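Coordinate analysis (summary)
The chain contents come next:
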Amino acid sequence: MAAMPSDGLTLLIPEDELRAGVATLAREIDRDYTTTGVVIVSVLKGATIFTADLLRVLQAEVHRLEFVRAGSYGGGTESSGDVRLAGTLDPRHVNGQHVLIVDDIADTGYTCVAVKNYINGLGPASLRYCTLLDKPERREVEVQYDYVGFTIPNHFVVGYGMDFDERYRGLPAVYYFPDA
Ligand code: 5GP
Ligand code: MG
């Protein structure tokens, strides 16, 4: 989607900064997985664009790319804390593997807890969490994000994979609604 947003969206992170941030994350991740390689589990749907860009700059060997679906938002902008997971992983793909979860944005922390608990139950050799964006002000549970691309203020953001009611995912940069 090349069109610029026209709904009062305000630019938060332009394309070149996203690219630089993803490259920096990739170097950190590379350092931790050079000898072992990594299995990536991407959290649908918001992390798809980020995951695709990250994969293309990672140098560590990616043994496998898998997806889980996590959702709690419905159509609104407030997380409900009730995270539904869908899209089960084959335990053989995770068991004994060094697994990295790749997500779009850390908000309350409930998604991180739910996805980590699920994958930990499948017996990975190690498990880390990468998020492109972090809104620490919104945290409701104490969780650890191992790799964070950008810490941002408490705005509802869209673009670069992230939606509002399924819209705006194709915007190449990250925008926010000034009044939300
Ligand atoms: P948490 O479980 O940490 O509250 O929420 C994480 C998930 O909520 C993210 O993976 C994302 O899907 C959604 N989310 C949280 N904040 C935002 C936001 O500002 N914009 C969009 N589009 N999704 C968000
Ligand atoms: Mg998400």
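In this report, we go over the structure that sits alongside the text.

About the thresholds
Residues numbered from 1 in each chain as written. Chains lettered and ligands numbered in written order. Predicted model: local features only at pLDDT ≥ 70, side-chain atom pairs only at ≥ 80, totals over all residues. Heavy atoms only, no water. Near = heavy atom within 4 Å. Polar contact = N/O pair within 3.5 Å; in protein donor to acceptor, adjacent residues only side chain to side chain. Areas by Shrake-Rupley, 256 points an atom, 1.4 Å probe, with all protein chains shown as cover. Helix = DSSP H or I, 4+ residues; strand = E, 2+ residues; numbered from the N terminus. Pairing = 2+ DSSP bridges. Buried < 20%, exposed > 50% of the residue type's maximum accessible area, 1.4 Å probe, protein only. Arc of directions from axis to C-beta. Salt bridge = Lys/Arg side-chain N within 4 Å of Asp/Glu carboxyl O.

1. Focus on the site of ligand 1
Surveying the vicinity of ligand 1 reveals 16 residues, the closest of which are Asp104, Thr108, Thr111, Val157 and Asp163. The backbone of Gly109 places a nitrogen or oxygen atom 2.8 Å from an oxygen atom of ligand 1. Interatomic distance of 3.5 Å between a backbone N/O atom of Tyr110 and an oxygen atom of ligand 1. For ligand 1, whose accessible area on its own is 510 Å², the fraction buried by protein is 92%. Counting residues per element, the ones that place at least two in the shell around ligand 1 are strand 5 (98-106) and helix 3 (110-120). Among the elements that take part in the shell around ligand 1, strand 5 stands out by supplying three residues, more than any other.

2. Looking at the pairing of strand 3 (residues 62-71)
Here seven bridges tie strand 2 (residues 38-44) to strand 3, and the two strands are oriented parallel to one another. In the sheet register, Val38 faces strand 3, and the bridge partner there is Val62. Sheet topology places strand 3 next to strand 4 (residues 84-86); three bridges connect them, and they run antiparallel. Considered in strand 4, the bridge of Gly71 is made with Arg84.

3. Side note on helix 2 (residues 48-57)
When helix 2 is considered as a whole, its buried residues turn out to be Phe50, Thr51 and Leu54. Viewed along the axis of helix 2, the buried residues span an arc of 95°, placing them on a single side of the element.

4. Focus on the pattern of salt bridges
This structure, assessed with the given rule, holds nine salt bridges. A salt bridge links Glu166 to Lys45; the nearest nitrogen and oxygen atoms lie 3.2 Å apart. Taken together, the residues span a long stretch of sequence, with Glu166 in the loop between strand 8 (157-158) and strand 9 (174-176) and Lys45 in the loop between strand 2 and helix 2 at a distance of 121 residues. By relative accessible area, Glu166 is classed as partly exposed at 45%. Between Lys135 and Asp107 there is a salt bridge; the shortest N-O distance is 3.8 Å. With a gap of 28 residues between them, Lys135 in the loop between strand 6 (126-134) and strand 7 (147-151) and Asp107 in the loop between strand 5 and helix 3 connect regions that are remote in the sequence.

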